[in-house]
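# Close look at the chain arrangement
One-letter residues, chain by chain:
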Amino acid sequence: MQTYLVGGAVRDRLLGYPIYDRDWVVVGASAEEMIDRGYKPVGADFPVFIHPDSGEEYALARTERKTGHGYGGFVYYASPDVTLEQDLLRRDLTINAMAEAPDGSLTDPYGGQQDLQKRILRHVSPAFAEDPLRVLRVARFAARYAALGFRVADETLALMRKLSTAGELSYLSAERVWQEFERALGEPSPGVFIDVLQRCGALEILFSEFAALQRNPAWPALATGLAELPKTQERFAVLTCAALLIENIAADDIRPRIEALCLRLKAPRSYRDQALLVSSQQAGMLQLPQADGEARLAVANGLDLLRRPERMPSLARCFDNLAAWLNVDGPPALERLQALHRALTETTPAQLMQQGFKGKALGDELKRRQQAACARLTF
Ligand code: ATP
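Every value quoted in this text rests on a predicted model; they were computed, and no experiment measured them. (Residues numbered from 1 in each chain as written. Predicted model: local features only at pLDDT ≥ 70, side-chain atom pairs only at ≥ 80, totals over all residues. Heavy atoms only, no water.)

### Observations concerning the overall build of the chain
Stated precisely, the cut-off is as follows: The way it works is that DSSP assigns letters per residue, a run of H or I at least four long becomes a helix, a run of E at least two long becomes a strand, and they are numbered from the N terminus. Note on method: radius of gyration uses C-alpha positions; expected globular size equals 2.2 Å times residues raised to 0.38. Three labels apply to residues, based on accessible area from a 1.4 Å probe with only protein chains included: buried if under 20% of the type maximum, exposed if over 50%, partly exposed otherwise in between. Whether two residues touch is decided by their heavy atoms; if any such pair falls within 4.5 Å, the residues are in contact. Working convention for charge: Lys and Arg count positive, Asp and Glu count negative, and His plus the chain ends are omitted. Charged groups are reduced to one reference atom each: NZ for lysine, CZ for arginine, CG for aspartic acid, CD for glutamic acid.
Secondary structure summary: the chain contains 19 helices and eleven strands in total. For 379 residues, the compact-globule estimate of 2.2 N^0.38 gives 21 Å, and the C-alpha radius of gyration of the chain, at 26 Å, exceeds that figure by more than 25%. Viewed in the frame of its principal axes, the chain has a C-alpha envelope of about 85 × 45 × 35 Å. Taken over 379 residues, the chain has a buried fraction of 47%. Taking contacts inside the chain between residues at least 6 apart in sequence as the whole, the part at least 24 apart equals 66%. Averaging the coordinates of the 45 positive side-chain charges in the chain and doing the same for the 48 negative ones gives two points 5 Å apart.

Here is the structure:
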């Protein structure tokens, strides 16, 4: 039996990128032989094994045949007579369809090295159009490598468009779409993910909430700004807020819109919460200098600053990012949030109790003093 390093590890080594994950393909072996050698079987649909020492994945070389819709609609054929070239043929992109032997020699039957040099994301075979997940994968790889000059080949984009128009994207589960979206948001050029989906007609189908934003002349500036945010959660919050701003969504509609979006996308609660906080308080943050004590206190309470002060730096990054996009000057949002937080903590309930306040009167007095402290702030 022969083992080869395949897929992303070969691609990223040739690009000089760090390698996190190593996948191996095994040619000329049966499942029984693998088990005899101590590998642990894990694959449900096709034979994949975990190496007893390294814990890395070893898959038997296989071919696949389309039997149904979606990325799960395949039957696989794995046997010792499946060749390396046959296994590489079922892969999505030429740059992902190379294999490296233990002696370092490369098997590259579909021109992966050439496409790496030409900076092209190109499908391996027409069978690309059998799996809608590949639309998202290609857009994600484009978002990862855009800064290196990579672009999607026209003929690959045409197949992606075919998958979109054929309705195949609807067979992707929300979980799978979210998984790819979240990974794409973390890539160096997340805006490129949205752009590629737009160009192949998938944006309107999978993320229609961002379609108007992507068409807006202000989109390229937002896409550039997004890449500067360190956390995917922040990128999601800014993207969502900007989409609502472009559509002039009324303040009362912000919460239901975001809740519906996050429910549909199956976004984790932390993503939803940050998008809600940023979108509902963004206007208030910009208006702080002109606002009275009551409005300032409403922003501080809306952001739950008293109970969750640790969120201030991340929220501030989102507000600064949006303010830069909207061309609004002002001091860093973190300074404003910290000033609000100080204003809220100037008076404590314990102090008021000592002064004889209790029950509702205590609550009212606390609020009155917090408002007054907020009103005294100069931004
Ligand atoms: P990443 O760096 O994002 O992990 P990767 O290329 O290693 O990229 P994996 O999802 O780990 O991505 O997949 C490993 C390899 O399996 C890919 O390089 C590709 O050859 C193949 N592959 C994975 N998913 C698909 C798919 N849906 N269609 C075709 N080939 C795929």
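Read on for the rest.
### Considering the environment of T63
By the element assignment, T63 lies in strand β6 (residues 62-66). Once residues lying within four places of it in the same chain are set aside, the contact partners of T63 are V75, Y76, Y77, V82 and Q86.

### Here's the deal with the packing of helix α12 (residues 232-246) against helix α16 (residues 312-325)
To characterise two packed helices, one gives the angle between the axes of the helices and the distance between these axes. We apply this condition: Helix axes are fitted to C-alpha atoms over the stretch in contact, other axes to C-alpha atoms as well, and angles between N-to-C directions run from 0 to 180 degrees. Angular relationships are summarised with four words: roughly parallel below 35 degrees, roughly antiparallel beyond 145, roughly perpendicular across 65 to 115, and oblique for the angles in between. Left-handed describes a crossing whose near helix is turned anticlockwise from the far helix by less than a right angle; the clockwise case is right-handed. Three categories are distinguished: nonpolar for Ala, Val, Leu, Ile, Met, Phe, Trp, Tyr, Cys and Pro, charged for Asp, Glu, Lys and Arg, and polar for the others, with Gly belonging to the last.
At their nearest, the axes of α12 and α16 sit 10 Å apart, and the two run at 40° to each other. Regarding the angle of α12 to α16, the classification is oblique. The hand of the α12/α16 crossing is right-handed. The residues of α16 that touch α12, namely those facing E234, A237, V238, C241, A242, L245 and I246, are S314, R317, C318, N321, L322 and W325. Taken together, the residues of the contact of α12 with α16 sort by class into nine nonpolar, two polar and two charged.

### What about the side chain of R134?
Along the chain, the position of R134 falls in helix α5 (residues 133-145). With a relative accessible area of 6%, R134 lands in the buried category.

### Structural notes on the pattern of salt bridges
What counts here: A pairing counts as a salt bridge when a side-chain nitrogen of Lys or Arg comes within 4 Å of a carboxyl oxygen of Asp or Glu.
Scanning the model with the defined rule gives 26 salt bridges in all. Where E365 meets R369, a salt bridge forms, and the shortest distance between an N and an O atom there is 2.8 Å. Of the two residues, E365 and R369 both sit in helix α19 (residues 359-376), four residues apart, roughly one turn of that helix. By relative accessible area, which is 12% here, E365 ends up buried. When salt bridges with common partners are traced through the structure, they connect E64, D131 and R134 into a single cluster.

### Describing the nonpolar core
Selection rule: Buried Ala, Val, Leu, Ile, Met, Phe, Trp, Tyr and Cys residues form a nonpolar core when they are joined through side-chain atoms within 4.5 Å.
In terms of nonpolar packing, the biggest core is built from 101 residues, with F181, F207, F236 and L239 touching the most fellow members. Per-element accounting of this core gives the leading share, nine residues, to α5. Listed in part, the twelve residues of the second largest apolar core include V27, A61, A97 and A101.

### What to know about the packing of helix α1 (residues 8-15) against α5
It is at 14 Å that the axes of α1 and α5 come closest, and there the two elements cross at 20°. When the axis of α1 is compared with that of α5, the two are roughly parallel. Crossing hand, α1 versus α5: right-handed. Judged by residue contacts, R11, D12 and L15 of α1 engage F141, R144 and Y145 from α5.

### Some details on helix α8 (residues 190-199)
Restricting attention to buried positions, one finds in α8 the residues P190, G191, F193, I194, V196 and L197. Just beyond α8, the residue with positive phi is G201, at close to 80°.

### Looking at the packing of aromatic side chains
Heads up, the condition is: Here is the rule: rings of Phe, Tyr and Trp (six-membered ring for Trp) pair when centre to centre is within 6.5 Å. Planes less than 30 degrees apart are stacked, more than 60 are edge-to-face, and the remainder are tilted.
Under the counting rule described, the total for this entry stands at 16 aromatic pairs. Ring geometry for W178 versus F236: centroids 5.7 Å apart, planes at 85°, classification edge-to-face. Remark: F236 occurs in helix α12 and W178 occurs in helix α7 (residues 174-185); sequence separation between them is 58 residues. With respect to burial, W178 and F236 carry one shared label: buried. With centroids separated by 6.4 Å and ring planes inclined at 25°, the aromatic side chains of F207 and F210 adopt a geometry described as stacked.

### A closer look at the pairing of strand β1 (residues 2-6)
The side chains of a regular strand alternate, residue by residue, between the two faces of the sheet. Quick reminder of the rule: Paired strands, in this sense, are two strands between which DSSP finds at least two bridges.
Counted residue by residue, β1 has four buried out of five residues, so it is predominantly covered. Bridge count between β1 and strand β2 (residues 23-27): five bridges; the pairing is antiparallel. Across the sheet, residue Y4 finds its bridge partner in β2, namely V25. Examined bridge by bridge, β1 and strand β8 (residues 99-100) share two bridges and lie antiparallel to one another. Bridge pairing in β8 links L5 to E100.

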